[in-house]
Each structure stands twice: as C-alpha cells, then as structure tokens.
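Residue-level structure breakdown
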Amino acid sequence: MRKMIKPLIFVFIGIIIAFPVFSLTYYTMARTSTPGFCASCHEIQPAFNAWKTSTHVNNAQGFVADCMDCHLPAPQDTMNFFYTKTIHGIKDVFVHFAYGTYDREKSREHAYETFKNAQCQKCHRNILNIPDKRGAMLAHRTVLYPKEGYEKKCVDCHRNLVHVDSEIYRYKQKQAPYRGLGI
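Position numbers for residues start from 1 in each chain and track the written sequence from start to end. With pLDDT at 70 or above as the cut-off, local features in this predicted model cover only qualifying residues; side-chain atom pairs require 80 or more to be listed or tallied, and sums for whole chains, interfaces and linings still use all residues. The side-chain quantities take in all heavy atoms of the structure and omit both hydrogens and water.

Some thoughts on the UniProt feature "binding site: heme 3" (unreviewed entry) in the chain
Definition in use: UniProt positions are given in the numbering used here, feature names are shortened, and annotations may be inferred rather than shown by experiment. Secondary structure elements are taken from DSSP: a helix is a run of H or I of four residues or more, a strand is a run of E of two residues or more, and numbering for both begins at the N terminus. Partly exposed describes any residue whose relative accessible area lies between the buried limit of under 20% and the exposed limit of over 50%, with all areas from a 1.4 Å probe on protein chains only and scaled to the type maximum.
Sequence positions flagged by UniProt for "binding site: heme 3" (unreviewed entry) are, in local numbering, Cys120, Cys123 and His124. Looking at the secondary structure, you find cysteine 120 in helix H7 (residues 117-121). Overall, the relative accessible area of 44% leaves histidine 124 in the partly exposed class.

With respect to helix H1 (residues 2-31)
Counting along an α-helix, one turn takes 3.6 residues, and residues three or four places apart therefore face a common direction. This is how the line gets drawn: Take the number of residues in a helix, subtract one, and multiply by 1.5 Å to get its expected span.
For H1, spanning 30 residues, the distance from its first C-alpha to its last is 44 Å, which sits close to the expected 44 Å at 1.5 Å a residue. When you tally the buried positions in H1, you get 1 out of 30 residues, a small fraction of the element.

A look at the confidence of the model for the chain
The predicted structure's coordinates, where accompanied by low pLDDT, should not be read in detail. This is how it is decided: Each residue gets a pLDDT score, which is the predictor's confidence in that residue and runs from 0 to 100. Any two residues whose heavy atoms approach within 4.5 Å are treated as being in contact.
On average, residues of the chain score 78 in pLDDT, and 85% of them reach the 70 mark or higher. Ranking the helices and strands of the chain by mean pLDDT puts helix H8 (residues 134-144) first, with 86, and helix H10 (residues 166-175) last, with 48. Contacts of residues 162-171 to residues separated by more than four positions or lying in other chains number 17 contacts, the stretch itself having pLDDT below 50. Predicted confidence is poor over residues 178-183, with pLDDT under 50, and the contacts of this stretch with residues over four places away or in other chains come to 2 contacts.

In structure tokens:
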C-alpha cells in the first residue's frame, strides 16, 4: 500500500500542474488565431482590410478562410501548426521592434514565395471540375500533375486574386446586378 502512495502523489501533482498549463496554452493559441488579433499586432492592416472584402470572406457558400488557413499548416498537424505559428509570431515581433519599419511589399512577396499548394487545397479541393472554364481546368491539372521541372504554385496564377484591392472588389460588387443588361 505504501508503494502506491508515492506514484499517486506524483500523478495528482502532475494533473494539478498539467491541466492549467494545457488550458492556458490552448486558450492562448485560440485567442491568437483570429484575423482580428493578427491585424492588431502588426502592420498588416491593409492586407486585413483587403481580406475582409475578398471572396475568402464574401462568397456564395458563406465560407470564411482566415489567416491561419492560408499562412499556417493544417491544425490537424498539431506540432507543426504550433511550431510554425510560434515561429511566425516571434519573427513578427522581432522585426517590429528590431527594424521599426515594415516593408509591406517585401513581406507580401515572401508570403507568396512560402505558400504551398497544399495550403490552398485545404479548401479548394475539387479544382478539376470546372465545366464552363476549360482553360482553368487545364491550368489546374498542370498544378496537380506537374511535369518534372514545370512545377507551379497556385499563387503563380492567383497572386493578384489573393489580396484583392478593396475598392476594385467593392466596385465589382456594385456592378454585379447590372451585368448582362447592357448597362
């Protein structure tokens, strides 16, 4: 009986310590995984505003793709997700305080370079079924089944569509009811 007491005490202490640490970590990750948090911490307000008016938020399906969906690995890959999220956060804070100025164009180009097709394909799964747009279907096929040396990224073609200028998007939305009427 006496041999059982010591391990039980260690298990009890472990639970007492582990539960709050796990809860605090989960709470922190959940709170810092929102687009509003991303926009409040560093100089991506223009990208955040463009995202709010893009089809990643405003679409017929009602689906919203947020920062984490495109810029981080899938949450199911838990360790890689937490590691990448932490590294991104530390880097952003370091750049903000060490350099003072944020080179928006350089950061945007770096983001495009680091995008992987798998990040887009988390949401855009059935990209070969585009019956009325054969050219798009053929372009998607070259991305999904590339010949060696001809690999492409989704953002190679969709680069200007990812961060749509807010004003152009709003203009197109206002014009949508008049399309086809010759107005």
